[in-house]
Structure formats: C-alpha cells, structure tokens
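Residue strings, one per chain:
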Amino acid sequence: MLTELKTVASTLGITLVILESDKTIENQVNRIARVEDMPLALVTWDLTTSLEFDESGFLKNPTTDITMLLMTKADTLERSELEASAEEMGKLFIQYIKAVKTYLTANTNVKQNPITGISFTYVPSFSASKHSGVLATFKIQENLEENAC
C-alpha cells in the first residue's frame with residue numbers, strides 16, 4: 001500500500017516520505033524538506049490497518065487510516081503567499097486522491113470505494129521553517145491476496 005501511494009505521488013511530481021514514528025514531525029520536516037523536493041508529502045509510519053469478515057465469513061479487503069501532510073515552501077513569509085501556497089497544495093491533494101483512486105481501481109482487486117473518509121485542513125504555516133500545505137486524512141482499501149480467506 002505504501003508503494004502504491006509513492007508511485008502515484010511520483011507521477012504528480014510529489015516526493016512522498018514515510019516518517020519515523022519515534023521522532024517529532026517538526027524535527028523530521030526540518031531535516032527532510034529541501035526546496036528541490038517540493039511539493040513534499042509526509043505520511044506517518046505507524047499506520048493502523050483494520051480487518052473485517054463479511055456476512056459469508058470471507059475476509060474483506062483490509063483498510064488503513066492514512067494521515068498525510070502535503071506541503072511546499074511559499075516564496076515569501078507574507079500571509080497572502082502562505083495562504084496561496086496552502087490553497088495550491090489543496091488542489092494538488094485533490095488531484096492526488098483522484099489519481100490514487102484510479103490507480104487502485106486499475107491495479108488491485110479493490111473496485112468500489114477504494115478511498116473513503118477523505119478530508120483535509122489548510123495549514124498555511126507549519127513548523128519553524130514555515131511550510132504551507134494541507135493536513136489530510138483518508139482511509140484506503142488495500143489489495144487482498146487471492147489465497148486469503
């Protein structure tokens with residue numbers, strides 16, 4: 001599932017990095033973020049995956065809760081520039097979600113609603129280095145191997 005998220009991100013020019021769960025996000029952003037890597041998507045490593053059985057006793061596709069920070073660096077620290085950069089990342093996130101849905105539908109056994117619970121919050125100024133973007137959450141269905149019951 002992380003491979004699919006990275007693959008789709010790269011097709012849109014987004015660098016996707018999986019964060020280490022034992023370090024603060026701010027420290028990792030300051031270490032990872034370089035202007036040449038923008039836009040940058042950060043996904044937490046400690047992902048929760050849920051499993052359920054259907055009414056016939058068959059295992060449904062696992063679902064994983066994703067939290068993502070999609071960000072860029074504004075040209076200046078003026079409020080209008082920070083807000084414009086955050087709005088730009090909101091539009092890019094919508095493109096990304098649409099591309100992930102298309103990719104999952106074409107390349108996995110998930111054919112209906114591969115992504116649910118999608119929401120994001122504009123974050124015009126994040127961390128000491130003042131990145132702008134969106135903080136997003138969504139639930140993604142993972143591929144279920146043929147031999148799974």
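Residues numbered from 1 in each chain as written. Predicted model: local features only at pLDDT ≥ 70, side-chain atom pairs only at ≥ 80, totals over all residues. Heavy atoms only, no water.

Comments concerning the overall build of the chain
- The number of helices and strands found in the chain is 3 helices and 6 strands.
- Listing each helix as α and each strand as β along the chain from the N terminus yields α-β-α-β-β-β-α-β-β.
- In the chain, which comprises 149 residues, the proportion classed as buried is 39%.
- Contacts spanning at least 24 positions in sequence make up 68% of the contacts within the chain whose residues lie at least 6 apart.
- Summed over its atoms, the accessible surface of the chain is roughly 8,600 Å², and 51% of this surface lies on carbon and sulfur atoms. (Helix = DSSP H or I, 4+ residues; strand = E, 2+ residues; numbered from the N terminus. Buried < 20%, exposed > 50% of the residue type's maximum accessible area, 1.4 Å probe, protein only. Contact = heavy atoms within 4.5 Å. Areas by Shrake-Rupley, 256 points an atom, 1.4 Å probe, with all protein chains shown as cover.)

What to know about the environment of K73
- Along the polypeptide, K73 turns up in strand β4 (residues 63–73).
- In sequence terms K73 and A86 are 13 residues apart; their C-alpha atoms lie 9.3 Å from each other.

What about the nonpolar core?
- Counting residues in hydrophobic clusters, the biggest one holds 23 residues, and the most contacted among them are L16, F93 and Y96.
- Those elements giving two or more residues to this core turn out to be α1 (2–11), β1 (15–18), β2 (40–43), β4, α3 (79–107) and β6 (131–141).
- No other element matches α3, which puts 7 residues into this core.
- Ignoring sequence-local partners within four residues, the contact set of L16 consists of L5, K6, A9, A41, V43, M68 and Y96.
- Among the nonpolar cores identified, the runner-up in size contains 8 residues, and M38, L40, V123 and F126 belong to it. (Core = buried A, V, L, I, M, F, W, Y, C linked by side-chain atoms within 4.5 Å.)

Taken by themselves, the reported measurements are silent on function.
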